[in-house]
Amino acid sequence: MAVLRPSSVSASDSSASIFHSQKKLVRVGEIHLGSLPSVRRNLVSRLEASSNSLRLGQQLTSDKMGNKMENLDKTDQGLDCFEELKHRFLCFKKQKYLEEAEHFQALAKAQYPKNSRVCPSNILGFQPGEAFMIRNVANLVPPVENGPSETNAALEFSVNTLEVENILVIGHSGCAGIEALVSMQDDVDSSSFVENWVANAKVAKLRTKAAVGHLSFYQQCKHCEKESINHSLLNLLTYPWIEDKARKGLLSIHGGYYDFLNCTFEKWTLDFKRSCNEKEGPRYLVKNRAFWC
């Protein structure tokens, strides 16, 4: 998950991050929280050891092809920070993914013990000081009623202290955490930390079984990867301080999905007003879908 700082913040592998440009964004587990170009406050000074490191994090950087990437803090007010992230993702695909296709195809097929396969700083080009990241297994946000956790502590800090304006929850294909969830028995093994954690997305699993239970295990997992993201978006609204800011238009909540195999990225925004006005209770309705390929 990622949070964009008061300008930006971000997260992924599940992980999360918070962007600290003049736009705010947060990402978590892979959930990301981030800040948009409209935000002009700079919180990096609170987090960086020196003004020198802050200035370094805000400098324009050049990629291998000589193309300049705009720092999220310095994008024009009229430019959505997600347009800048799209540009960075496409640069990653062209200059990194396609040049090292065999390496990334291998990562898509297997996760090695010492490595996390999704690095938001890599695929979305975050620079030092731009994003605050929260990472956890299966990219989940637990509901407030489940009690304290490292994830919701980071959310509280990013929303109430850093005052991020965007939260981006990012999932990805081939997620081992979601595979564990889909293959898990109904009765959770109380001795398994993994099963107890991914059980936070049990509703997403049930919705997946109801919708595509007749399909292969692989197809069920792919469906559940996105279903769990949307479930996490709704779980964010169980936190009063997130729901209050979203209602007032001070905080936007987004979902993202990275496809390893094809190197594509989907992004969407939770339609807060329509989602909360449903007669049968809150359900996720989205807007501003984008597909980066």
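A.B. asks: What exactly am I supposed to notice about empty space enclosed by the protein here?
C.D. replies: Over the atoms rolls a probe the size of a water molecule, and in doing so it shows where empty space is left. What the rule picks out here adds up to one cavity of 30 Å³ or more. Classifying every residue of the lining of the largest cavity by side-chain character gives two nonpolar, one polar and three charged.

A.B. asks: Please clarify how the packing of aromatic side chains should be interpreted in this entry.
C.D. replies: Note on aromatic pairs: each is described by the distance of the centres and the angle between the planes. Counting across every chain of the model gives seven aromatic pairs. Between Tyr239 and Trp241 the ring centres are 5.3 Å apart and the planes differ by 45 degrees, which places this aromatic pair in the tilted class. On the accessibility criterion, Trp241 (21% relative accessible area) is partly exposed. Between Phe265 and Trp292, the aromatic rings sit 5.1 Å apart at their centres with planes inclined by 20 degrees, giving stacked as the arrangement. With Phe265 in strand β11 (residues 264-270) and Trp292 in strand β12 (residues 286-292), this residue pair connects regions lying 27 residues apart in the sequence. With relative accessibility at 4%, the residue Trp292 sits in the buried group. Pairwise contacts between aromatic rings join Phe89, Phe92, Tyr258, Phe260, Phe265 and Trp292 into one cluster. Just above the ring of Tyr257 sits the side chain of Lys226; from NZ or CZ to the centre is 4.9 Å. The ring centre of Phe82 lies 4.7 Å from the NZ or CZ of Lys267, which sits over that ring.

A.B. asks: I'm lost on the confidence of the model for the chain in this one. Help?
C.D. replies: Caution applies to low-pLDDT parts of the model: their predicted coordinates are not meant to be read in detail. The share of residues in the chain with pLDDT of 70 or more is 66%, and the mean pLDDT across the chain is 75. pLDDT under 50 marks residues 30-66. Its contacts with residues more than four places away, or in other chains, come to 191 contacts. Across residues 75-79, confidence stays below pLDDT 50; counting only partners more than four residues off in sequence or on other chains, it has ten contacts.

A.B. asks: Explanation requested: unusual backbone geometry in the structure shown.
C.D. replies: A negative phi angle is the norm for most residues apart from glycine, just as the trans form is the norm for most peptide bonds. We note that Asn139 has phi near 60 degrees; this positive angle belongs to a residue other than glycine. With a phi angle near 55 degrees, Glu163 is a residue other than glycine that sits in the positive phi range. By secondary structure assignment, the location of Glu163 is in the loop between α6 (150-161) and β9 (166-172).

Here is what the cut-offs are and how they apply
- All residue numbers refer to position in the chain's written sequence, counted from 1.
- Predicted model: local features are reported for residues with pLDDT of at least 70 only, side-chain atom pairs are reported and counted for 80 or more only, and whole-chain, interface and lining totals are derived from all residues.
- Only hydrogens and water are removed before side-chain values are computed, so all heavy atoms of the structure are retained for them.
- Lining residues are those with an atom within 4 Å of a point, where the points come from a 1 Å grid over the protein atoms alone and group into cavities, where a 1.4 Å probe fits but cannot get out, or pockets, open sets with protein on both sides within 12 Å along at least five of seven lines.
- Grid points are joined across faces, edges and corners, and a volume is the space filled by probe spheres set on the points.
- Any residue that is not Ala, Val, Leu, Ile, Met, Phe, Trp, Tyr, Cys, Pro, Asp, Glu, Lys or Arg is counted as polar, Gly included; the first ten are nonpolar and the last four charged.
- Only Phe, Tyr and Trp rings are paired, with Trp represented by its six-membered ring, and only when their centres lie within 6.5 Å; those with planes under 30 degrees apart are stacked, over 60 edge-to-face, the remainder tilted.
- We call a residue buried when its accessible area falls under 20% of the maximum for its residue type, exposed when it is over 50%, and partly exposed in between, using a 1.4 Å probe and counting protein chains only.
- Secondary structure is summarised from DSSP: a helix means a run of H or I of at least four residues, a strand means a run of E of at least two, and numbering begins at the N terminus for each.
- For a lysine, the NZ atom is tested; for an arginine, the CZ atom; a charge sits over a ring if that atom is within 6 Å of the ring centre and within 35 degrees of the ring normal.
- Confidence of the predictor at the level of single residues is captured by pLDDT, which takes values from 0 to 100.
- We call two residues contacting when some pair of their heavy atoms lies within 4.5 Å.

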